[in-house]
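Chain by chain, the residues:
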Amino acid sequence: MTLVTTLALGLTLGVKHAFDADHLVAVSSMVTRERSVWHSVWIGVTWGIGHTATLFLVGLVVLGLKQQIPTPVGLGLECLVGIMLIGLGVATVIEARRKRLHAHRHSHGNSESTEHIHFHSHMEHASHGHSHLIGFGWKPLLVGMVHGLAGSAALMILILASLPSATLGLVYLVVFGAGSILGMGLVSLCMGLFFSFASNRLPTWDHDLGLAVGILSTVFGVGIVVEIGFIQGFFFS
């Protein structure tokens, strides 16, 4: 495998890897709370940084020891992803319910004739927000690190084992990581644009969308835990 082929393959697979279902669900559960497109992009980029960091560390172990990740360890990490998705989903549902629209009566005087129904949400509108510098984002970083540990080892082992040198393997890891950062940055950009549109123009739909994303993340996480823990027998091994 030539250097150019390795770079092209690593970049392509890295971008594709960002589109894995569990990655999309996890990042969407964080992006749905954002009202800034650039904050959303930064969440995706930070996820990619965390993903690349642990991916690189695992790759160094694979290249240095020439051994695969033990099956029980791999299953445990996959189960951890499921638990993480459940936590993200529940948090997103709670946040969506907190921001829901509701109505109540109030008056502007002593006369009952001045009473009227007033609708509002617990969410601060984007136009009334304050400008803040983008923080580093520890939550997406940690989520990306867990994903880097859990989902990438098997794919890496197949590729790294076919490379003629450890140096080329390290180059592949760097390019693969860059591809995952690029891919998730593009994904979070699209998500950010969509959620920002929903928040500014369709406030009730914004709540419903956040609720749906939270439920999806929770159900997806439960599915992973059941599959790994019970069907594949990790809990009984």
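Structure first, text after, so check above.
The following paragraphs examine the structure supplied in this document. As the structure is a prediction and not an experimental result, all values here were calculated from the model. (Residues numbered from 1 in each chain as written. Predicted model: local features only at pLDDT ≥ 70, side-chain atom pairs only at ≥ 80, totals over all residues. Heavy atoms only, no water.)

Before going further, it helps to spend a moment on the side chain of Asp22. Mapped onto the elements, Asp22 comes out in helix 2 (residues 21-31). Not counting residues up to four positions away in its chain, the partners in contact with Asp22 are Val81, Leu85, His147, Phe220 and Ile224. (Helix = DSSP H or I, 4+ residues; strand = E, 2+ residues; numbered from the N terminus. Contact = heavy atoms within 4.5 Å.)

Its location among the elements puts Leu193 in helix 7 (residues 166-201). Spatially, the C-alpha atom of Leu193 lies 8.4 Å from that of Ser36, the residues being 157 residues apart in sequence.

This part covers empty space enclosed by the protein. For the structure shown, the criterion picks out one cavity of 30 Å³ or more. Put simply, the largest cavity is a space of about 80 Å³. Looking at the lining of the largest cavity, the elements with two or more residues in it are helix 4 (71-98) and helix 8 (203-231). Residue composition of the lining of the largest cavity, grouped by class: one nonpolar, four polar and five charged. (1 Å grid on protein atoms, 1.4 Å probe; cavity = no way out; pocket = protein on both sides within 12 Å on 5 of 7 lines; lining within 4 Å. Points joined across faces, edges and corners; volume = space filled by probe spheres on them. Nonpolar A, V, L, I, M, F, W, Y, C, P; charged D, E, K, R; others polar.)

Quick look at the packing of aromatic side chains now. What the rule picks out here adds up to five aromatic pairs. Their ring planes at 40 degrees and their centres at 5.9 Å tell us that Tyr172 and Phe176 sit as a pair that is tilted. Here the residue Tyr172 and the residue Phe176 both occupy positions in helix 7, the gap between them amounting to four residues, near one helical turn. Counting every residue linked through ring pairs, the aromatic cluster contains Phe230, Phe234, Phe235 and Phe236. (Phe/Tyr/Trp six-rings, centres within 6.5 Å; stacked < 30°, edge-to-face > 60°.)

Let us look at the pattern of salt bridges. Pairs can form between side chains of opposite charge once their charged atoms are near each other. For the structure shown, the criterion picks out one salt bridge. The shortest N-O distance in the salt bridge between Glu95 and Arg98 comes to 3.1 Å. Of the two residues, Glu95 and Arg98 both sit in helix 4, three residues apart, roughly one turn of that helix. Using a relative accessible area of 22% as the deciding quantity, one classes Glu95 as partly exposed. Residue Arg98 is classed as partly exposed on the basis of its relative accessible area of 43%. (Salt bridge = Lys/Arg side-chain N within 4 Å of Asp/Glu carboxyl O. Buried < 20%, exposed > 50% of the residue type's maximum accessible area, 1.4 Å probe, protein only.)

On to the nonpolar core, then. Grouped together as the largest cluster of nonpolar side chains are 28 residues, with contacts concentrated most on Val27, Val81 and Val143. The contact partners of Val81, leaving out residues within four places of it in the chain, are Asp22, Val146, His147, Ala150 and Ile224. The next biggest cluster of nonpolar side chains, apart from the first, holds twelve residues, and it includes Leu160, Leu168, Tyr172 and Leu173. (Core = buried A, V, L, I, M, F, W, Y, C linked by side-chain atoms within 4.5 Å.)

Bringing the side chain of Ser29 into the picture now. Along the chain, Ser29 falls in helix 2. The class of Ser29 is buried, set by a relative accessible area of 0%. Those residues in contact with Ser29, other than ones at most four positions away along the chain, are Leu88, Thr92, Val213 and Ser217.

Right, let's talk about a nonpolar patch on the surface for a bit. The grouping of Val222, Val226, Phe230, Ile231, Phe235 and Phe236 at the surface amounts to a nonpolar patch, some 610 Å² of accessible area in total. Mapped onto the secondary structure, Phe230 falls in helix 8. Here Phe230 falls in the partly exposed class, since its relative accessible area comes to 47%. (Patch = residues over 30% accessible without salt bridge, like charges linked within 9 Å, V, L, I, M, F, W, Y side chains within 5 Å. Areas by Shrake-Rupley, 256 points an atom, 1.4 Å probe, with all protein chains shown as cover.)

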